[in-house]
Amino acid sequence: MDLSSKKVVVTGGCGFIGSHIVERAAGVGAEVIIIDNLISGREENLNGIDGNITFHRASVTEDIEKYMTGADLIFHLAANVFVAKSVEDPHYDAENNIKGILNVLECARKLDIPKMVYSSSSAIYGDDVAVPTDENQPISPSSPYGVSKYVGELYCRTYTDLYGIDTVALRYFNVFGPRQTGDNPYSGVIAIFIQNALDKKPLTIYGDGEQSRDFVGVRDVVEANISSAVKPNLKGEAFNIGTGSSITINKLADIIESMAGKLEREYAPARKGDIKCSTADISRAQKVLGFSPTVSLEGGLEELFKLYQGKS
Ligand code: UD2
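Quantities reported herein were computed from a predicted structural model and do not represent experimental measurements.

Asks: Tell me about the packing of helix H4 (residues 90-111) against helix H5 (residues 144-163), residues and numbers included.
Replies: Where H4 meets H5, the axes come as close as 9 Å, and the angle between the chain directions of the two elements is 15°. With respect to H5, the element H4 is oriented roughly parallel. Between H4 and H5 the crossing geometry is right-handed. Between H4 and H5, the contacting residues are Pro90, Asp93, Asn97, Ile98, Ile101, Leu102, Leu105, Glu106 and Arg109 on the first element and Pro144, Tyr145, Ser148, Lys149, Val151, Gly152, Tyr155, Cys156, Tyr159 and Tyr163 on the second. Partitioned by chemical class, the residues of the contact of H4 with H5 number twelve nonpolar, three polar and four charged.

Asks: An account of unusual backbone geometry is requested, with residue identities and associated values reported.
Replies: For the bond from valine 131 to proline 132, the omega torsion is -5°, close enough to zero to count as cis. Tracing the backbone through its elements, the reader meets proline 132 in the loop between strand S5 (115-121) and H5. One non-glycine residue, leucine 38, adopts positive backbone phi at about 60°. Its place among the elements puts leucine 38 in the loop between strand S2 (31-36) and strand S3 (53-57). According to the relative accessible area criterion, leucine 38 is buried, its value standing at 19%. Its identity is not glycine, yet aspartate 112 carries a phi of approximately 55°, on the positive side. Along the chain, the position of aspartate 112 falls in the loop between H4 and S5. Its relative accessible area of 65% is what places aspartate 112 among the exposed residues.

The rules we used
- Just so you know, the residues in each chain are numbered from 1, in the order the chain's sequence is written.
- Local features are withheld for residues below a pLDDT of 70 in this predicted model, meaning they are given only at 70 or higher, and side-chain atom pairs are given and counted only at 80 or more; totals for whole chains, interfaces and linings count all residues.
- To obtain the side-chain values, all non-hydrogen atoms of the structure were used and water was disregarded.
- Axis lines are fitted through C-alpha atoms, for helices just across the contact stretch, and the angle between N-to-C directions can take any value from 0 to 180 degrees.
- Strands are runs of DSSP state E lasting at least 2 residues, helices are runs of H or I lasting at least 4, and numbering of each runs from the N terminus.
- Every angle not falling under 35 degrees, over 145, or within 65 to 115 is termed oblique; those three ranges are roughly parallel, roughly antiparallel and roughly perpendicular.
- Note: crossing handedness is left-handed where the near helix turns anticlockwise from the far helix by less than a right angle, and right-handed where it turns clockwise.
- Contacts are residue-level and defined by heavy atoms, with any inter-residue pair within 4.5 Å sufficient.
- Polar here means any residue outside two lists: the nonpolar Ala, Val, Leu, Ile, Met, Phe, Trp, Tyr, Cys and Pro, and the charged Asp, Glu, Lys and Arg; Gly therefore counts as polar.
- Buried residues are those whose accessible area, probed at 1.4 Å on protein chains only, stays under 20% of the maximum for their type, while exposed residues exceed 50% and partly exposed ones sit between those limits.

Structure representation (structure tokens):
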């Protein structure tokens, strides 16, 4: 599939990752329809993005079929993306993540939209897995968020089997990059740490800080989405999208300190639902999607640090 002449729906297109997908798809000439309720997305994420883009402020749990007529492809990102929020309010998480994807798939079925790329998460694995983790490891989520994201994958496969919609699930590890904000306690750790470093505020570390994460650059995540969109017959398959290496939160704090100068650290109790070790085995994505991460953690952090410095 060549995206240039296609009509593409991006749910969550005003979000951190979604807006980069919008930019990439509009950049190659696709007509882009965004559906976003602006709960975690921000309209200003679209500033400076040129192309044929229409934005509808709506939740994926509402009647959105009318916005999707004639679409060739859906990138489904709209969701509750906060693990801790899902522990505090599992109904909210399920409403957005389970009802949301079912509604979007139903639209795809009714409107004969042939393809959907679903943003899933490594949170579906939990802690009882071999690390690095490949896609054949047991699914055993530690949070309602992990549960809801996996339910989404099951719906995708079912809609592929029942109706021939070519779905694919991308299991993101920890995504970082421009447009991720550090202004709320649920935000990604990198965005929070950089923001606090610039504001000379202490870094809060949950637990002992020895938990590890595989941080993947948003540009690489976008390329995984595009490859998945253009590759036919993925038939509900799932792919890990990470880098294959990870660092602990303590080491992440060290790197931020090396860029920002000495920072205070405050240790707080571990978050409920937090997984301990997380590293992707990306062999399947490399083989099938030609996925090849290009953003290094150090390079990406330096770029972000400069970007945030320019803004504050
Ligand atoms: C991220 C994604 C989530 C899901 C998951 C997959 C975000 C916001 N969430 O959840 O959607 O895909 O990855 O594994 O990107 N931490 C601190 N101090 C802080 C903030 C966080 O110590 O100020 C710790 C936190 O307890 C966790 C780690 O840093 O151990 C990463 O936290 P996160 O919120 O960036 O991401 P995570 O892994 O919970």
